[in-house]
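Below are the chains, spelled out letter by letter.
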Amino acid sequence: MPNAHVTVHTEAGIDRVEPELHGHFAEHLGRCIYDGIYTDDSVEAEGFREDVVDLLDDLEMPVLRWPGGCFADDYQWEDGVGPAEDRPRRRNLFWGQGREMVPEESNRFGTDEFLGFCERIGAEPYLAVNVGSGDPQEATDWVEYCNYDGDTELADRRRANGHEDPYGVRYWGIGNENWGCGGNMGPEQYAGEYRQFATYIGSMDGLMLDDDLELIGCGFSNHEWNRRFMEDMTDGIWLSDMQMDHLTLHHYYGRTMSTLEGDDDDYDDFLAGALALDDHVERIAGTIEATASTRNVGVIVDEWGAWHTEADPETGLEQPGTVLDALSAAVVLDVFNDHADVMTMSNIAQTVNVLQCLVETDGDDAFARPTYRVFDLYAPHKGNEAVTTSVDTPARELDDGDELPLVGASASVADDGEVYVTATNLDTRAAHTVEFTVEDATGENVDASVLFEGQEPDLVVDADNADDFAAEDLDVSVDGDGTVTAELEPATVAGISVY
């Protein structure tokens, strides 16, 4: 007997699920870049780890953010271009490299390496400029180096460094966490900095560049800060004259929970923390609507994911990769689908080895983590139209008085009419039988797969068991009216195609 019901309203469209909602983030932190993406000892001529390239290429990553993170606001991009042997070794003020977290940056992996990596895996680059300790000229020079096709010293320097054609970088973040590690700025101070940087960077869109730039403002999970920032930005007519195309926020959860020592109550609180992103997206979108109604400013969550007590700064913010973390990724990706009308990008933290990474390296091995499997399962949503999904589910009351819905879902419709539904059993203790009603669908053709059946929430991935986390066929029943019913075991994620 079903105890949860999902109704997909195929005619109630939300908006296109931008592929960039499945984006990623890489920072010069621990083993994310060195020994993750790049290694001087690689047999691959360009220095990239070929095993990592293959995994990320298979995932069809849409966008990758770099170089930070906090690292971005103490990074001078010119240190990382030109012959590797001539690049200066600098401090890494906020983090460090390797598990030993040496607070130094070799600059062996710089702009051309990053953009070359993006070309290899087919990802759009998203660069965060240095606002905290940099200046508008440094940032504008970086845009010119990357994107200008004319006869200037910086364009010629790019050519001399091996890239004849402009890279055409579209996404430019104006700083990172400028309310914190990016300068501890108040909202009005950051608004002034943003205007100054955007004046020079944005002016390149006219005569110098063929492609439009998209400029990204740094928001905060403190929504009063966002309101004051946006009000200052929209004072007069500035925002309608100059560029701000997106506003960001960051959302980490699980900071007080050990991955390996948590219990079922901890798991509930953790997943509720992931689901809390729904409210943050609604609130920042509401702030944009109230203050910038004459300009279309999208919401980007350009850092998000699980951050557990095991992720210690002294050990490179590495933590075990588990089924539970992957469940939280499904929760967040459903939130993004539900807010496809306001969201334009997201970037999970981080791509390789750090925090809720999708790929882990261990010596000569590179392997997919459970979160990678969730991104793969959700891939059919990309480019579809998200549609409204009603979920009637049991819930569990938490110690703080909030409730955790035990079943979650979202859905989208492809151009050919195929409906794709993803559903998650957030209950780590019990199975739930879920009935899916897809409006206007006959149910004649149904394909279904499931992740993590029979696996404990705290099961940790390693090189030996990584393949065990791959999707398997899910048994479903289809009634005469097209209703699909499936039993979701505890802590599982399903993908169902109806066409």
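Small disclaimer: the values here were computed from a predicted structure and weren't measured.

Draft legend 1. Structural view of the environment of Asp112. Assignment of secondary structure puts Asp112 in helix 2 (residues 111-121). Excluding residues within four positions of it along the chain, Asp112 makes contact with Val81, Tyr145, Asn161 and Tyr167. Among the polar contacts made by the side chain of Asp112, one reaches the side chain of Tyr145 at a distance of 2.6 Å. A polar contact is formed between the side chain of Asp112 and the side chain of Tyr167, at a distance of 2.6 Å.

Draft legend 2. Examining the packing of helix 8 (residues 264-275) against helix 10 (residues 323-338) more closely. Running from amino to carboxyl end, helix 8 crosses helix 10 at an angle of 30°, the nearest separation of the two axes being 9 Å. One finds that helix 8 runs roughly parallel with respect to helix 10. You can see that helix 8 and helix 10 cross each other, and the crossing is right-handed. Of the residues in helix 10, those in contact with Tyr267, Phe270, Leu271, Ala274 and Leu275 of helix 8 are Leu324, Asp325, Leu327, Ser328, Val331, Val332 and Val335. For the contact of helix 8 with helix 10, the per-class residue count stands at 10 nonpolar, 1 polar and 1 charged.

Draft legend 3. Structural context of the nonpolar core. The biggest cluster of nonpolar side chains holds 127 residues, and the ones touching the most others in it are Trp172, Phe229, Trp304 and Phe336. No other element matches helix 10, which puts 11 residues into this core. Beyond its immediate stretch of four places on either side in the chain, Trp304 contacts His251, Tyr252, Tyr253, Ala329, Val332, Leu333, Phe336, Ser346, Asn347, Ile348, Ala349 and Phe375. By size, the runner-up hydrophobic cluster in this structure holds 24 residues, among which are Ala4, Ala486, Leu488 and Ile496.

Draft legend 4. Structural view of a negative patch on the surface. Together, Asp263, Asp264, Asp269, Glu397, Asp399, Asp400, Asp402 and Glu403 make up a region of like negative charge exposed at the surface. By secondary structure assignment, the location of Glu403 is in strand 16 (residues 403-405).

Draft legend 5. Representation of the sheet that holds strand 11 (residues 343-349). Reading around the barrel, the 8 strands line up as 2-3-6-7-8-9-10-11 and close back on themselves, with parallel pairing between neighbours. If you compare each strand with its neighbour and ignore which way they point, the axes differ by 30° on average. With 8 bridges connecting them, strand 9 (residues 246-253) and strand 10 (residues 298-306) associate as parallel partners. When the sheet's bridge partners are listed, Leu249 is paired in strand 10 with Val301.

Draft legend 6. Summary view of the state of the cysteines. The full count for this structure, using the stated rule, is 1 disulfide. In this model Cys70 forms its disulfide with Cys181; the gap between the sulfur atoms is 2.1 Å. The sign of the S-S torsion, about -90°, decides the handedness of the disulfide formed by Cys70 and Cys181: left-handed. Placement of the pair is Cys70 in the loop between strand 3 (63-66) and strand 4 (90-91) and Cys181 in the loop between strand 7 (171-174) and helix 5 (187-203), with a sequence separation of 111 residues. When its relative accessible area of 22% is taken as the criterion, Cys181 is described as partly exposed. The thiol of Cys118 is not disulfide-bonded; the next cysteine sulfur, from Cys146, is found 11 Å away. A relative accessible area of 1% means that Cys118 is categorised as buried.

Draft legend 7. Highlighting the sheet that holds strand 24 (residues 492-498). Read from one edge of the open sheet, 10 strands run 21-20-24-18-17-14-1-19-23-22, paired in mixed fashion. The open sheet terminates on both sides in strands that have one partner only, identified here as strand 21 (472-473) and strand 22 (476-478). Across the face of the sheet, helix 10 comes into contact with strand 1 (4-16), strand 14 (385-392), strand 17 (407-413), strand 18 (419-425) and strand 24 while running at roughly 45° to strand 17.

Draft legend 8. Representation of the pairing of strand 23 (residues 484-488) in the model. Of all 5 residues in strand 23, 4 are buried, a share of seventy percent or more. Taken together, the 5 bridges between strand 19 (residues 432-438) and strand 23 define a ladder with antiparallel strand orientation. Following the sheet pairing, Thr433 is matched in strand 23 by Glu487. Judged from the 3 bridges that link them, strand 22 and strand 23 form a sheet pairing that is antiparallel. Bridge assignment links Val476 to a residue of strand 23, and that residue is Ala486. Hairpin connection, strand 22 to strand 23: the antiparallel pair is bridged by 5 residues, and Gly482 has positive phi, about 90°.

Draft legend 9. Region of the structure containing the packing of aromatic side chains. Scanning the entire structure with this criterion turns up 25 aromatic pairs. Consider the rings of Phe71 and Tyr75, whose centres lie 5.2 Å apart with planes at 35°: the pair is tilted. Here Phe71 falls in the buried class, since its relative accessible area comes to 4%. Using a relative accessible area of 5% as the deciding quantity, one classes Tyr75 as buried. Between the aromatic rings of Tyr190 and Tyr194, the centroid separation amounts to 6.2 Å while the plane-to-plane angle is 75°, which identifies the pairing as edge-to-face. Here Tyr194 and Tyr190 lie together in helix 5, a separation of 4 residues that amounts to about one turn. Residue classification places Tyr194 among the buried positions, given a relative accessible area of 0%.

Draft legend 10. Structural detail: helix 6 (residues 223-233). Residues His223, Trp225, Asn226, Phe229, Met230 and Met233 constitute the buried set of helix 6. All buried residues of helix 6 fall inside an arc of 145° around its axis, so they share one side. The opening residue of helix 6, the one whose side-chain oxygen lies 3.1 Å from the backbone nitrogen of Glu224, is Asn222.

Parameters and conventions
- Residues numbered from 1 in each chain as written.
- Predicted model: local features only at pLDDT ≥ 70, side-chain atom pairs only at ≥ 80, totals over all residues.
- Heavy atoms only, no water.
- Helix = DSSP H or I, 4+ residues; strand = E, 2+ residues; numbered from the N terminus.
- Contact = heavy atoms within 4.5 Å.
- Polar contact = N/O pair within 3.5 Å; in protein donor to acceptor, adjacent residues only side chain to side chain.
- Axes fitted to C-alpha atoms, helices over the stretch in contact; angles between N-to-C directions.
- Parallel < 35°, antiparallel > 145°, perpendicular 65-115°, else oblique.
- Left-handed = near helix turned anticlockwise from the far one by under 90°.
- Nonpolar A, V, L, I, M, F, W, Y, C, P; charged D, E, K, R; others polar.
- Core = buried A, V, L, I, M, F, W, Y, C linked by side-chain atoms within 4.5 Å.
- Buried < 20%, exposed > 50% of the residue type's maximum accessible area, 1.4 Å probe, protein only.
- Patch = residues over 30% accessible without salt bridge, like charges linked within 9 Å, V, L, I, M, F, W, Y side chains within 5 Å.
- Areas by Shrake-Rupley, 256 points an atom, 1.4 Å probe, with all protein chains shown as cover.
- Salt bridge = Lys/Arg side-chain N within 4 Å of Asp/Glu carboxyl O.
- Lys, Arg positive; Asp, Glu negative; His and termini not counted.
- Charge placed at Lys NZ, Arg CZ, Asp CG, Glu CD.
- Pairing = 2+ DSSP bridges.
- Disulfide = S-S within 2.5 Å.
- Phe/Tyr/Trp six-rings, centres within 6.5 Å; stacked < 30°, edge-to-face > 60°.
- Arc of directions from axis to C-beta.

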